[in-house]
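The primary structure of each chain is shown beneath.
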Amino acid sequence: MQPRHKSGWDWFENAMNPDDKNELPEDLPARFARCFRGEDGEAVLTHLAEMTLGRSLGANAHNGILRHLEGQRYLVSYIMGLVRQGRLGK
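Keep in mind it's a predicted model, so treat the numbers as computed, not measured. (Residues numbered from 1 in each chain as written. Predicted model: local features only at pLDDT ≥ 70, side-chain atom pairs only at ≥ 80, totals over all residues. Heavy atoms only, no water.)

What should I look at first to understand the overall build of the protein chain in this one?
Along the protein chain, the regular secondary structure elements total four helices and zero strands. Secondary structure elements in the protein chain, listed N-terminal to C-terminal, are α-α-α-α. Within the protein chain, the fraction of its 90 residues that count as buried is 16%. Restricting to contacts in the protein chain with at least 6 residues of sequence separation, those with at least 24 account for 63%. Carbon together with sulfur atoms contributes 55% to the accessible area of the protein chain, which is approximately 7,900 Å² in total. (Helix = DSSP H or I, 4+ residues; strand = E, 2+ residues; numbered from the N terminus. Buried < 20%, exposed > 50% of the residue type's maximum accessible area, 1.4 Å probe, protein only. Contact = heavy atoms within 4.5 Å. Areas by Shrake-Rupley, 256 points an atom, 1.4 Å probe, with all protein chains shown as cover.)

Structure follows, in structure tokens:
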């Protein structure tokens with residue numbers, strides 16, 4: 001008997017499960033802060049911010065491109081927020 005393949009929607013069912021806890025490990029912000037510390041880490045964060053947060057698209061930008069950039073902006077903001085929390089010891 002062949003194993004049943006999971007559908008691409010399994011993540012949705014898991015996300016809707018109220019019993020699941022999506023809490024971050026306590027040390028995650030500290031790990032992000034260590035990962036992006038020093039001159040190299042700052043250079044990487046600056047580069048990510050410039051290519052996402054500091055980027056603007058023209059009025060003719062396709063909807064898909066706008067959505068893609070907003071996703072990138074969210075992820076970079078999330079990373080920068082974790083780094084900030086880790087540096088502040090929160």
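Could you clarify how one ought to interpret the packing of aromatic side chains in this entry?
Each pair of aromatic rings is reported with the distance of its centres and the angle of its planes. Enumeration according to the criterion identifies two aromatic pairs in this entry. Between Tyr-74 and Tyr-78 the ring centres are 6.3 Å apart and the planes differ by 15°, which places this aromatic pair in the stacked class. Linking Tyr-74 with Tyr-78, this pair stays in helix H4 (residues 63-88), spanning four residues, or about one helical turn. The class for Tyr-74 is exposed, based on a relative accessible area of 59%. (Phe/Tyr/Trp six-rings, centres within 6.5 Å; stacked < 30°, edge-to-face > 60°.)

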